[in-house]
Every structure is written in structure tokens, then in C-alpha cells.
Amino acid sequence: MRNIIFIAPPAAGKGTISDLLVKSYNYEHISTGDLLREEIKKSSDLGKKLDEIIKQGKLVNDEFMINLMENKLNSLDTNKSFILDGFPRTLEQAKKLDEMLVSNKVTNNLVVYLNISLEEALKRVMGRVICPNCKRSYNLNNEELKPKVDNICDDCKVGLEHRSDDNEETFKTRFQNYLENTSPILDYYKDKRILISIDAMDTLDNIIAEIKIEAEK
Ligand code: AMP
């Protein structure tokens, strides 16, 4: 399977789709948001600084994120395909990622753009809860994505939590950041002819089937 790089507005479903792809095709899932939230949980000085940035809906600076991604890619099992969920988020990150992939001899990549409107993404963000243990994402406003028991993770049986940045005000800043900093990356990948566009409002089964066809090419 080709490696998958997701480009999407906040709450378009990157995490949920990644989890399904991991289960079916044994991908390595690299979520930069999860990596940052793990650091925040440690309450380290770095974690406190990251928490402030994320709570405000701002982007963490490129130098820090590129360094984080470089370390992660260098430690990967090279026999396994991977999913990048949350990186790159700027053109600078996209260009550096290319250099990292070339130097790690990683060539077979697919960029998946998940297309969703601000209104739909906002609805999703207001219903989103995550498992603090396995990081699985649920949605209380979506029958397909509700936990079996209210507010309890189906797999870990622990209480689900809201993310500190999942509120209307922060969401709007995140969406604006996406439009200004992340959406220009789409043209960059279109020129490289490795971009596909998926309707994030389609059913999860259809989305996975579409991605599978492209990822097997
Ligand atoms: P996510 O879980 O992907 O929604 O990411 C949560 C937050 O982490 C984002 O709103 C950013 O503040 C930060 N973040 C995650 N990935 C990146 C990145 N590649 N560049 C800058 N900030 C990031």
C-alpha cells in the first residue's frame, strides 16, 4: 500500500479514517496532534507552551514540527506503510517533508484531501469526544461514530474527553489557519500528481473504499 498523507480542515475525519485504515491494512499511524497532546499530558515546560498554542487554535512553529516529524520518520519500521495525519500543515512543512522522504528513500506516496465545509466541520467538532487512552475519536452527533455506552470508550472502557481546542471560537481560528496556511499545499501536491480529493461527507465505507483503490495503485 502507498503511504498516505492527509490534508484536511479540522474535524474532517482524518483521525477516524486513519484508525479504520490501520485496522484493515496495518498502517503505522502518525498523528502530530496526538504526539503534541502526549507532551501536554506530561505537564512539562514544553507541554505547557504547546497547550497554550493549541488552546488558542494557533499552529505550532514550523521548525519544531519539522524536527518532530524528522525524528518520527527516522524511527519508523521501513517495511510498514504509514499515514501522516496532521503533517504537513504549511508549505514550508510540505517542502521539508519531501526532502525527508527522499533521504529516507520513501517514494510511493498518496495525498488525500478531505473536503468539508466550515458549517459541517463545526457540527462535528461540537460532538467530538476522544479516548484519552487509545486516542480513538467518537462523535456524539453521528450514529455511526457514537460509543456503544454513553461517554465510554468501546475498546478501553475508560471515560471519553472533549479536546480543549474543540469549542466554537477556537475552531473558527483553526479553520481560518487551515485556509491561510494549509490549503495552499493542495496546489503543490496537485502539480506533483499525487493528490486525490474525497468528499468527507460521504459514508465511511465509501471513503475507505475510494482510498483503498488509490492506495493499492
Ligand atoms: P489535530 O489533532 O491534527 O487537529 O492537531 C491539533 C493541534 O495541534 C492543531 O490545531 C495545531 O495547533 C497543532 N498541530 C498539529 N500538527 C501540526 C503541524 N503539522 N503544524 C503546526 N501545528 C500543528
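Remember, it's a predicted structure, so these values are computed and weren't measured experimentally.

**Student:** Please clarify how the sheet that holds strand E2 (residues 28-31) should be interpreted in this entry.
**Tutor:** What links the strands of a sheet is backbone hydrogen bonding, and the strands pair in either a parallel or an antiparallel sense. Across the sheet, five strands lie side by side as E2-E3-E1-E4-E7; this open sheet has parallel pairing. Each edge of the open sheet is held by one strand with a lone partner, namely E2 and strand E7 (195-199). Pairs of neighbouring strands in the sheet enclose a mean axial angle of 20°, with direction left out of account. Pairing analysis gives four bridges linking E2 to strand E3 (residues 82-85), with the strands arranged parallel. Residue pairing across strands places serine 31 opposite aspartate 85, the latter belonging to E3. Sheet strands in contact with helix H2 (residues 32-41) are E2 and E3, and its direction is about 65° off that of E2. Running at roughly 170° to E7, helix H9 (residues 204-215) makes contact with strand E1 (3-7), strand E4 (109-115) and E7 of the sheet.

**Student:** What's the story with the side chain of arginine 128 in this structure? I'm lost.
**Tutor:** When you line up the elements, arginine 128 lands in strand E5 (residues 128-130). You can call arginine 128 buried: its relative accessible area is 13%. Beyond its immediate stretch of four places on either side in the chain, arginine 128 contacts Ala11, Ser137, Tyr138, Asn139, His162, Arg163, Asp166 and Arg174.

**Student:** What is the right way to read the packing of H2 against helix H3 (residues 45-55) from this model?
**Tutor:** Helix-helix packing is described using two parameters, namely the angle between the two axes and the distance between the axes. Close contact between H2 and H3 brings their axes to 7 Å; oriented N to C, the two are set at 125°. In terms of their interaxial angle, H2 and H3 are classed as oblique. At the point where H2 passes H3, the crossing takes the left-handed sense. On the side of H2, the interface is formed by Leu36, Glu39 and Ile40, while H3 contributes Leu46, Gly47, Leu50, Asp51 and Ile54. Residue classes in the contact of H2 with H3 are distributed as five nonpolar, one polar and two charged.

**Student:** Where do I start with the packing of helix H7 (residues 168-182) against helix H8 (residues 184-191) in this structure?
**Tutor:** As a packed pair, H7 and H8 sit with axes 5 Å apart at the nearest point and diverge in direction by 40°. Between H7 and H8, the crossing angle belongs to the class labelled oblique. Of the residues in H8, those touching H7 at Tyr178, Leu179, Glu180, Asn181 and Thr182 are Pro184, Ile185 and Leu186. Here the residues of the contact of H7 with H8 are counted per class, giving five nonpolar, two polar and one charged.

Rules used in this analysis
Residues numbered from 1 in each chain as written. Predicted model: local features only at pLDDT ≥ 70, side-chain atom pairs only at ≥ 80, totals over all residues. Heavy atoms only, no water. Pairing = 2+ DSSP bridges. Helix = DSSP H or I, 4+ residues; strand = E, 2+ residues; numbered from the N terminus. Axes fitted to C-alpha atoms, helices over the stretch in contact; angles between N-to-C directions. Contact = heavy atoms within 4.5 Å. Buried < 20%, exposed > 50% of the residue type's maximum accessible area, 1.4 Å probe, protein only. Parallel < 35°, antiparallel > 145°, perpendicular 65-115°, else oblique. Left-handed = near helix turned anticlockwise from the far one by under 90°. Nonpolar A, V, L, I, M, F, W, Y, C, P; charged D, E, K, R; others polar.

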